[in-house]
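Coordinate inspection notes
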Amino acid sequence: MGCSGRPKGAILLGLLLLTLAEVVVGRFVVEKNSLRVISPDSIKGTHDSAIGNFGIPQYGGSMAGTVVYPRDNRKGCKNFDDSGISFKAKAGALPNFVLVDRGDCFFALKVWNAQNAGAAAVLVADDLDEPLITMDSPEEDGASARYIANITIPSALIDKSFGEKLKKAISGGDMVNVNLDWREAVPHPDDRVEYELWTNSNDECGVKCDMLMEFLKDFKGAAQVLEKGGYTQFTPHYITWYCPQAFTVSKQCKSQCLNHGRYCAPDPEQDFSTGYEGKDVVLENLRQLCVFRVANETKKPWVWWDYVTDFQIRCPMKKKKYNKECAEQVINSLGLDLKKIEKCMGDPEADSDNPVLKEEQDAQIGKGSRGDVTILPTLVVNNRQYRGKLEKGAVLKAICAGFEETTEPSVCLGGDVETNECLENNGGCWQDKAANITACKDTFRGRVCECPVVNGVQFKGDGYRIMRREKCTCPPGFKGDGANSCEDIDECKEKKACQCPECSCKNTWGSYECTCGGDLLYIRDHDTCISKTTEVKSAWTAVWIILIGLALAAGGAYLVYKHRLRSYMDSEIRAIMAQYMPLDSQNEVPNHVDEDRA
């Protein structure tokens, strides 16, 4: 036994994992929110702050408050009540955000002490000139466990230089008003949220495991409602490590790893001599992954939530039921295909990669805006790592913040998360009190003024001023009231087209398509089929008729031309002859020849 009271084997494996962590260069992304200084003007502007990984950040929302810097206990490591300091805001005043210095105690303890003194939020000023880091909760022990789970206010780390500016302004007598903004902490591009939970089947790892198991039970209902409605796409993940090649034959690696050291988990009790082994945890993690895959193939991915919660209740380590037999009982009770799950799991003793677990290890590496997964449990929403307490209400807020505005499902508009701004002065939107019609619509992020549709009538306007009414209609090829629904008309089923005996009808979006068999051609205007051969013959007949008509017209024109030319020539000849040979019907023309020429 070592000085820590833990078996030497556990210490050895811990050193191996630590060595491995140092060898593998990861990319940890610090999740941030915006901190905007409203006053004074000397430091007015927007700054980054790193979200604490405990407490409840207001995802999708914002908080305004006044920054206060305590006159005593400035690192927040002691109870503020002992110094007679209270941060409770007076009636009608902005809430107080407490600024404390980093150092001497855990981040979470600073926040806990400030919360007990009435703070609405905590800003921790870094004591080093360095990039922002994530403030994580400490390793579980009896003392910290009592306050970590009860922290309910948000917190954030700010860099040293910004902290000094805040302190200088406060010491100079300025009122420092700031706004903490989490509205863009989670991307919200469309009407579906994709989120993943990095979890573990081990229920004997202390406070964090207890918190995780409690969360799974509490969040199960909301998760299944979101998944069944098609509002979310959920994926569970499980963290594993690999044993360094030089130690794969050691007792520690053999007891904690599958597939010859490729996939490992720490010993649940951190004692190799008793209880369950790390490889038992890896095996159950693999089983839970395959439960999700098989359930997903049957278009029921939400069954995973039923399995993990039922397994937790029926097969806990404390009752020595954390085994294959108990797991299979749960699988059978849920109607899942056990053979498919076993096939998915593969051979855990094989000296080769397991495709499912290999994929999980690859997924641990950060991609895009998401950093490496290094904290367990970890929730990722729309490719952004969630920071804060793993609690139903807090997580639901983060997921709801990932929906495009006004597309949130009803579960996001419950009393726990909805803003209900329309209740006060109708949110400043247009309304017709007599008809009980309003343009105010509550969303997860707050109210929006949006022209309503009432009984098939679409109101028009900007949502704030008086609006005109227009009857809603469906476009051609659709039926419905135009307001609540417009359904595609099935012209084929309703026999509105393609009624000729030879016609074959196929419905398309907003229209239809008719075809005829063999050498027949469909004529849409007459709803009939004609022979393509007949059409060719008719075409040639028309051509010949046109040609004959043209020939007759040309012949007629030639005859007319010839007749008119002959008439013109005759008249010209008669005129010439009349000058030299008078006709019988004309009088003699006198001769006026000059006598001198005779």
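This structure is a prediction, so every number in the text was calculated from the model and none was measured.

Looking now at the overall build of the protein chain. For the protein chain, the count of helices and strands is 13 helices and 26 strands. Out of the 598 residues in the protein chain, the part that is buried amounts to 42%. Taking as baseline every contact in the protein chain between residues at least 6 positions apart, the subset at least 24 positions apart corresponds to 63%. In the structure as shown, the protein chain presents an accessible area of about 33000 Å², 52% of it carried by carbon and sulfur atoms.

Where nonpolar side chains cluster on the molecular surface, the patch consists of Trp-540, Val-543, Trp-544, Ile-546, Leu-547, Ile-548, Leu-550 and Leu-552 and spans about 890 Å² of accessible area. On the accessibility criterion, Ile-546 (53% relative accessible area) is exposed.

What follows is about the nonpolar core. If you look at the biggest cluster of nonpolar residues, it comprises 58 residues, and the most contacted ones within it are Tyr-195, Phe-219 and Ile-399. Considering each element in turn, this core owes the most residues, nine residues, to helix 7 (residues 278–297). Ranked by size, the runner-up nonpolar core spans 23 residues in total, among them Ile-85, Val-100, Ala-108 and Met-135.

Here we come to the pairing of strand 26 (residues 528–531). Going residue by residue along strand 26, you find Cys-529 and Ser-531 tucked away on one face and Thr-528 and Ile-530 left uncovered on the opposite face. As paired elements, strand 25 (residues 520–523) and strand 26 share four bridges and run antiparallel to each other. Bridge assignment links Ile-523 to a residue of strand 26, and that residue is Thr-528. Between strand 25 and the antiparallel strand that follows it, strand 26, lie four residues; Asp-527 among them carries a positive phi value of about 50°.

In this section: the packing of aromatic side chains. Considering all chains together, one arrives at 11 aromatic pairs under this definition. Taking 5.1 Å as the distance between ring centres and 15° as the angle between the ring planes, the aromatic pair formed by Phe-215 and Phe-219 counts as stacked. Of this pair, Phe-215 and Phe-219 both sit in helix 5 (residues 207–228), four residues apart, which is roughly one turn of that helix. The same class applies to Phe-215 as to Phe-219, namely buried. Centroid distance Phe-311 to Tyr-322: 5.5 Å. Interplanar angle 70°. Geometry classified as edge-to-face. Residue Phe-311 is found in helix 8 (residues 303–314), and its partner Tyr-322 is found in the loop between helix 8 and helix 9 (324–333); the two are separated by 11 residues along the sequence. By the burial criterion, Phe-311 is buried, and Tyr-322 matches it. An aromatic cluster is built from Tyr-195, Phe-215, Phe-219, Phe-234, Phe-292, Trp-304 and Trp-305, whose rings are joined through pairwise contacts.

Conventions adopted
- Residues numbered from 1 in each chain as written.
- Predicted model: local features only at pLDDT ≥ 70, side-chain atom pairs only at ≥ 80, totals over all residues.
- Heavy atoms only, no water.
- Helix = DSSP H or I, 4+ residues; strand = E, 2+ residues; numbered from the N terminus.
- Buried < 20%, exposed > 50% of the residue type's maximum accessible area, 1.4 Å probe, protein only.
- Contact = heavy atoms within 4.5 Å.
- Areas by Shrake-Rupley, 256 points an atom, 1.4 Å probe, with all protein chains shown as cover.
- Patch = residues over 30% accessible without salt bridge, like charges linked within 9 Å, V, L, I, M, F, W, Y side chains within 5 Å.
- Salt bridge = Lys/Arg side-chain N within 4 Å of Asp/Glu carboxyl O.
- Core = buried A, V, L, I, M, F, W, Y, C linked by side-chain atoms within 4.5 Å.
- Pairing = 2+ DSSP bridges.
- Phe/Tyr/Trp six-rings, centres within 6.5 Å; stacked < 30°, edge-to-face > 60°.

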